[in-house]
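Read off the chains here:
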Amino acid sequence: MSPAPLDPHPDRLFPAEPGVRDIARQLYQQIADAPIISPHGHVPAEWLADDTPFSDPTTLLLTPDHYTNRMLHAAGGVDLEDLGVPVGTELTEAQARTGFRKLCENWKVLRGTPVQFWFESEFHDVFGVKVRPSAETADQIYDQIADCLTKDEFTPRALYKRFNIEALATTDDPCSDLSAHRKLAEDPTWDGRVVPTFRPDAYLEPARAGWRDLTENLAGVTDVDIVDYRSHVEAMRTRRLFFKEQGAVSTDHSHSDAGTARLSDAQADRFFQEALRGTISPSDGDALRRHMLNDQARLACDDGLVMTLHPAVYRNHDSATLQRFGADVGGDVPHTVEFTRALQPMLDAYGNAEGFHLVVFTMDETTFSRELAPLAGWYRGMFVGAPWWFIDEADAIMRYRRAVTGYAGFSKTSGFIDDTRAYCSIPARHDVARRVDSGFLANLVAEHRLTFDEAAETAVDLVSTQPRKVFKL
């Protein structure tokens, strides 16, 4: 029996009603080939700076993709080690092939998920695969992709051009020397745009283990003697400016809550001294962190970096997996979050300040219409981020548009955020958003709430005008 074909339908994710589907198809044609703007992601800049060919299909497509890892681990019973986890693990050819077989053997568990859409798009559109993944076709698909990776048109830089990426942001430690970014900037053969993102999370958690070591490192790279809270802020200011000089347009913040309440200067410094001694309590550490986050907004008003916030994630929920593989392998779980009171101190001070931009993401969908859209509907500097991470799928994007648009409109949203380390999935992820947004706009046209020309202009704005404006690109 011949293997089942892999032939993604051109109308996938469009509305089922034929008339609305036709409108969606026409709107999608306006934006299908538009350049990709990716202002928040995790693709290493070194890949593009060094342009080293990818080693194998598994470490390129599976290992860095948390969605895939989670589903294969939970529903397929696959050991993360078989997928090359953690990122950076060197696999033999046999190990890489085994990991890829695990994906194909468990293809069924991906049904109806965004992961299925992404892989079908990657396999078919990027690598020319024409057969559906299965236990029987695993080696055939692996060999075809592996052969592609030996060719010049599949190097990181070649794919950057092929994917039509206009701008790509990485995520970087505040003490990084950003050497890969400098290498790209100084390379006369490189004409793309890859910018760093300043992510100081760990440096703003004074009660966590390792904070004092990080603070010492921060002092070393800035040549600032961090002896009190004021000097810590000065070191942060120095590193933010360094990142901006290297092309950064934003900072990224993720904490257990969205709190931004300020302390008195004396209390902030007292807590900071306790943190330096290692004696600060968890509750006082949280209070100081919220004060620190508020000051990051103050610094943003000075240097113009866009501030992104995505709180309320229980990191490394599975302690055994954390112990075995380390952090950031997909074992994170969202929890509820409150924004209205938590952000008030920050927004009250800076929400309408000239040039201040705050983009707030959430995995708690209940907050979109209740809190985030009304907040963005008032404060000039606040924007509602796209559905993030676990709810970054077709139905969630549609729910997001329905929840946010009536309160804040399209102009107070961020544009799509792919937030991925899985390089080859970037076009597919953006394609999901473009298709769903086309369907949402098509319904507005069909209901005579927008004219077609208004919907077409809005479709273009969502993939180009908005991300450029919001992230100052």
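Before any of the text, the structure's been laid out above.
Residues numbered from 1 in each chain as written. Predicted model: local features only at pLDDT ≥ 70, side-chain atom pairs only at ≥ 80, totals over all residues. Heavy atoms only, no water.

Draft legend 1. Structural context of the overall build of the protein. For the protein, the helix and strand inventory stands at 19 helices and nine strands. A globule of 473 residues ought to have a C-alpha radius of gyration of about 23 Å, and the protein, at 23 Å, matches this closely. Viewed in the frame of its principal axes, the protein has a C-alpha envelope of about 75 × 60 × 45 Å. For the protein, with 473 residues in total, the buried portion stands at 56%. Sequence separation of 24 or more characterises 77% of the internal contacts of the protein that already satisfy a separation of 6 or more. Mean positive and mean negative side-chain charge positions of the protein (49 and 72 charges, respectively) differ by 3 Å. (Helix = DSSP H or I, 4+ residues; strand = E, 2+ residues; numbered from the N terminus. Rg over C-alpha atoms; globule rule 2.2 N^0.38 Å. Buried < 20%, exposed > 50% of the residue type's maximum accessible area, 1.4 Å probe, protein only. Contact = heavy atoms within 4.5 Å. Lys, Arg positive; Asp, Glu negative; His and termini not counted. Charge placed at Lys NZ, Arg CZ, Asp CG, Glu CD.)

Draft legend 2. Structural detail: the packing of helix α6 (residues 114-126) against helix α18 (residues 426-446). Close contact between α6 and α18 brings their axes to 9 Å; oriented N to C, the two are set at 120°. You can see that α6 and α18 cross each other, and the crossing is right-handed. Across the interface between the two elements, Phe 117, Trp 118 and Ser 121 from α6 touch Ala 428, Arg 429, Asp 431, Val 432 and Arg 435 from α18. In terms of residue class, the contact of α6 with α18 is made up of four nonpolar, one polar and three charged. (Axes fitted to C-alpha atoms, helices over the stretch in contact; angles between N-to-C directions. Left-handed = near helix turned anticlockwise from the far one by under 90°. Nonpolar A, V, L, I, M, F, W, Y, C, P; charged D, E, K, R; others polar.)

Draft legend 3. Structural context of the pairing of strand β2 (residues 165-169). The element β2 is extensively covered by neighbouring structure, given that four of its five residues are classed as buried. Note: β2 against strand β3 (residues 194-195), two bridges, orientation parallel. Each residue of the ladder has a partner; that of Leu 168, found in β3, is Val 194. (Pairing = 2+ DSSP bridges.)

Draft legend 4. View of the nonpolar core. Counting residues in each nonpolar core, the largest one holds 91 residues, and the members touching the most others are Leu 61, Phe 123 and Phe 127. Among the elements that take part in this core, α18 stands out by supplying ten residues, more than any other. Ignoring anything within four residues of it in the chain, the contact list for Leu 61 reads Phe 100, Phe 119, Glu 122, Phe 123, Phe 127, Ile 145 and Cys 424. Among the nonpolar cores identified, the runner-up in size contains 31 residues, and Ala 312, Ala 342, Phe 356 and Leu 372 belong to it. (Core = buried A, V, L, I, M, F, W, Y, C linked by side-chain atoms within 4.5 Å.)

Draft legend 5. Inspection of the pairing of strand β5 (residues 306-309) at higher detail. Burial along β5 is two-sided: Val 306 and Thr 308 facing one way and Met 307 and Leu 309 facing the other are all buried. Sheet topology places strand β4 (residues 250-253) next to β5; four bridges connect them, and they run parallel. Note on β5: the bridge partner recorded for His 253 is Leu 309. Pairing analysis gives three bridges linking β5 to strand β8 (residues 358-360), with the strands arranged parallel. Bridge pairing in β8 links Thr 308 to Val 359.

Draft legend 6. Structural view of the sheet that holds strand β1 (residues 36-38). Strand order in the open sheet made by the three strands is β1-β2-β3, with parallel pairing throughout. Both edges of this open sheet fall to β1 and β3, since each of them pairs with a single strand only. Helix-sheet contacts for α18 involve β1 and β2, and the interaxial angle to β1 is about 105°.

Draft legend 7. Structural context of the sheet that holds β8. The strand order across the open sheet formed by four strands is β4-β5-β8-β9, and the pairing between neighbours is parallel. The two strands at the open ends of the sheet, each matched to only one other strand, are β4 and β9 (382-384). Ignoring which end each strand starts from, the neighbouring axes of this sheet average 20° apart. Helix-sheet contacts for helix α13 (residues 282-303) involve β4 and β5, and the interaxial angle to β5 is about 150°. Contacts from helix α15 (residues 340-350) reach β5, β8 and β9 within the one sheet, and its direction differs from that of β8 by about 165°.

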